[in-house]
Amino acid sequence: MKFDVRRTDKRGGPREEGAIVKDWGGRLPIALIYPNSYFLGMSNLGIHAIYKLLNSQLKVVCERVFFNPADKKPPKAIESDRPLTDFAVLAFSISYELDYFNVVNILKASGIPLFAAERDESYPLIIAGGPCITSNPMPLAPFFDALCIGEAEPILPEIIPALIAGSGGPRPDMLKALASKPGIYVPACPPEKPVVRQWAKNLDDFDTNSVIMTRDTELGDLYLIETERGCPRSCRFCLVSAQYAPMRFRSVSRLIAQARVGLPKRRRLGLMGPAVTDHPQIKELLSELNRIGAELSLSSMRINSMTTDVLDELTKGKTETITIAPEAGSQRLRDVINKGYSEDDILAAADRLAGYRFRQLKLYFIIGLPTETDADVEDIVKLTLGIKDRLEKSRSAMRITLNASPFIPKAGTPFQWLPMANIDTLNRRLAILRNSLPLKGIKLNEESPAWSHVQGAFSRGDEKIAKALASMTEFSLAGWRNAIEANQLDIEHYVSKKWDTKEKLSWDVIDSGTSGERLRGEMESFDKLRMSGGGGGAVGKL
């Protein structure tokens, strides 16, 4: 094995440091596929982690594949420029529902039959993992031979021997071997019991950081380090607390060790996690990183943990952007989603921030939450302007960017039984933000309600979704709507219907580790809040 010190693709490809190049002789070749662009994929820390894990195996060679929908050529591996059909295994890592279109595009462009039932051992074995697969594998299940449920660290060492032993042999034998492994769902071998989600018990056993350094990507100026997994909160809409439970932290000593490796490559370190400031030793961690000369960027912060001590350390580390997620503008709606913040908490955090010279404040809100009304969206405006007012009173030059995303019910969360708001409603509520915030000097980033509805269909979908995806000839909203009609798919069932909590769910084949009783209990709490008036509004009639 050797590492490229500097690699510039002769075809105008990415400039990199750290790519792992192995001889294929006597090794199992695996293509690690991120079904979107290099620019996005190389900012995904999971790709770095899996790439390193696979290549740490002596008998495996792993190469990366990305996909640009505008590129009409069949995708090829970055390291060797080989086509996908040269590999024994294709391993997709899927983080976003809309990348489902690209999964289909990649296989079609490579001349590989879409449906697993149409492939034999003359084609690569095709597997997938990632947040979307762990949440609900069913919309893509007909396309894949095997699906990994949970985190890669405990799964890969279990399945690699089976992949090596079965390579080139009868495909049914390989599938049976994989189906016997923990965390593996093989659609062709339906399990007698739900497949249990796997998770790494001790994060210190697995350093998760940037492996390949490149400027040709979204976070190219950062050396990324994962600080934690999971979330101790129980927001009813959020997948993280369910899919990445239990909450786990890396030790300060291991994080500092990773930082020392990264600093010669990038002066700026990106600390990654659902809420980095949840780390129980966050002040000690930041102080030590400052002591060794690191500049700091945090993926997100918890409002209640934005103490002056933490902000002092971030200032020393030349942090430029602070990211927080109030999610809802009104206290009523924050109670509905079990967010746990009060308006006083949020404004007090703004007061603390006003005393520092950070350049940007990013705020994340969700529109279309269950029971939301137009008044709740107007409260987003009021809360944001209240934050801006506090910054301006202290003569802070911090810019505010507000990101508004439609609520999408996620499989495995208490809100999995609830529908999305309709597109007209979402557009109207975005217009409230659009007509108010930019006029006050606040930048608004918004996600498309129409595309969010597609995500909603994929999030709560079943195997029928795969048939519609396979039939698409044009990968656009119009193409998707044509596929829905051609396949007589009841899309409203997935997107716009409230489901009975006693109804069997297509993803019940997965044991996420969060019991159905607990999820139903959260829904009962939500219903009680709604019936008592806390749910408010016409949407409360769900």
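What you see is a predicted model; the values in this text were computed from it and never measured. (Residues numbered from 1 in each chain as written. Predicted model: local features only at pLDDT ≥ 70, side-chain atom pairs only at ≥ 80, totals over all residues. Heavy atoms only, no water.)

### What to know about the environment of Lys193
Here Lys193 is to be found in the loop between strand 10 (184-185) and strand 11 (195-196). A sequence separation of 316 residues divides Lys193 from Val509, and the C-alpha atoms of the two residues are 7.4 Å apart. (Helix = DSSP H or I, 4+ residues; strand = E, 2+ residues; numbered from the N terminus.)

### Things to note about the environment of Asp424
Examined against the element boundaries, Asp424 turns out to sit in helix 14 (residues 423-434). Its relative accessible area of 62% is what places Asp424 among the exposed residues. Between the C-alpha atom of Asp424 and that of Ala450, which follows or precedes it by 26 residues, the distance is 9.4 Å. (Buried < 20%, exposed > 50% of the residue type's maximum accessible area, 1.4 Å probe, protein only.)

### What about the packing of helix 9 (residues 282-291) against helix 10 (residues 308-316)?
Taken N-terminus to C-terminus, the directions of helix 9 and helix 10 make an angle of 20°; their axes are 9 Å apart at the nearest point. The orientation of helix 9 with respect to helix 10, classified from their angle, is roughly parallel. In the crossing of helix 9 with helix 10, the sense of the turn from one axis to the other is left-handed. In this structure, helix 9 contributes Ile282, Lys283, Leu286, Ser287 and Asn290 to the contact, and helix 10 contributes Asp309, Val310, Glu313, Leu314 and Lys316. (Axes fitted to C-alpha atoms, helices over the stretch in contact; angles between N-to-C directions. Parallel < 35°, antiparallel > 145°, perpendicular 65-115°, else oblique. Left-handed = near helix turned anticlockwise from the far one by under 90°. Contact = heavy atoms within 4.5 Å.)

### Overview of the side chain of His453
Its location among the elements puts His453 in helix 15 (residues 449-459). In this structure His453 comes out as buried when scored by relative accessible area, which is 13%. If near-sequence neighbours (up to four positions away) are discounted, His453 is found in contact with Met420, Ala421, Asn422, Ile423, Leu426 and Val495.

### Remarks on the sheet that holds strand 9 (residues 146-148)
Here six strands make up an open sheet; going across it, the order is 6-5-7-8-9-10 and the pairing mixed. At either end of the open sheet lies a strand with only one pairing partner, and these are strand 6 (60-66) and strand 10. Across two bridges, the pairing between strand 9 and strand 10 is antiparallel. From the neighbouring strand, Leu147 faces strand 10, where its bridge partner is Tyr185. (Pairing = 2+ DSSP bridges.)

### Some details on the pairing of strand 6
Along any regular strand the residues' side chains alternate between the sheet's two faces. The buried fraction of strand 6 amounts to seven of the seven residues, a majority that puts the element mostly inside the structure. The alternating pattern of strand 6 places Val60, Cys62, Arg64 and Phe66 on one face and Val61, Glu63 and Val65 on the opposite face, and all of these are buried. The pairing of strand 5 (residues 28-34) with strand 6 spans seven bridges and is parallel. Bridging across to strand 6, Tyr34 finds its partner in Phe66.

### Examining the nonpolar core
Ranked by internal contacts, the top residues of the largest apolar core, which has 58 residues, are Leu289, Leu314, Leu361, Ile387 and Leu433. Looking at this core element by element, the count peaks at six residues for helix 13 (residues 374-393). Setting aside residues no more than four positions away along its own chain, Leu314 makes contact with Leu286, Leu296, Leu298, Met301, Thr319, Ile322 and Phe358. Ile33, Leu147, Ala457 and Val509 belong to the second-largest nonpolar core, a separate cluster that totals 55 residues. (Core = buried A, V, L, I, M, F, W, Y, C linked by side-chain atoms within 4.5 Å.)

### Digging into the pairing of strand 20 (residues 443-446)
Alignment of strand 19 (residues 399-406) against strand 20, held across four bridges, turns out to be parallel. From the neighbouring strand, Thr401 faces strand 20, where its bridge partner is Lys443. Chirality of the crossover, the property in question, places the unit of strand 19, helix 14 and strand 20 among those that are right-handed. (Right-handed = clockwise from strand over helix to strand, strands pointing away.)

### As for the packing of aromatic side chains
Throughout the structure, instances matching the rule amount to 15 aromatic pairs. Here the aromatic rings of Tyr356 and Phe358 are separated by 5.8 Å at their centres, their planes lie at 25°, and the arrangement is stacked. On the basis of relative accessibility, which here comes to 4%, the residue Phe358 falls in the buried class. Put simply, the rings of Tyr100, Phe101, Trp451, Phe458, Phe475 and Trp480 touch in pairs and so form one group of aromatic residues. (Phe/Tyr/Trp six-rings, centres within 6.5 Å; stacked < 30°, edge-to-face > 60°.)

### Details of the pattern of salt bridges
Per the stated rule, a full pass over the model turns up 34 salt bridges. A salt bridge links Arg268 to Glu295; the shortest N-O distance between them is 3.4 Å. You can see Arg268 sitting in strand 15 (residues 268-272) and its partner Glu295 sitting in strand 16 (residues 295-298), a full 27 residues away along the chain. Note that Arg302 and Asp278 form a salt bridge whose closest N and O atoms lie 2.6 Å from each other. Separated by 24 residues along the polypeptide, Arg302 in the loop between strand 16 and helix 10 and Asp278 in the loop between strand 15 and helix 9 bring together distant segments of the chain. As far as the burial class goes, Arg302 and Asp278 line up, both buried. If you follow the salt bridges from partner to partner, you end up with Glu151, Glu153, Glu226, Arg229, Arg248 and Arg250 in one network. (Salt bridge = Lys/Arg side-chain N within 4 Å of Asp/Glu carboxyl O.)

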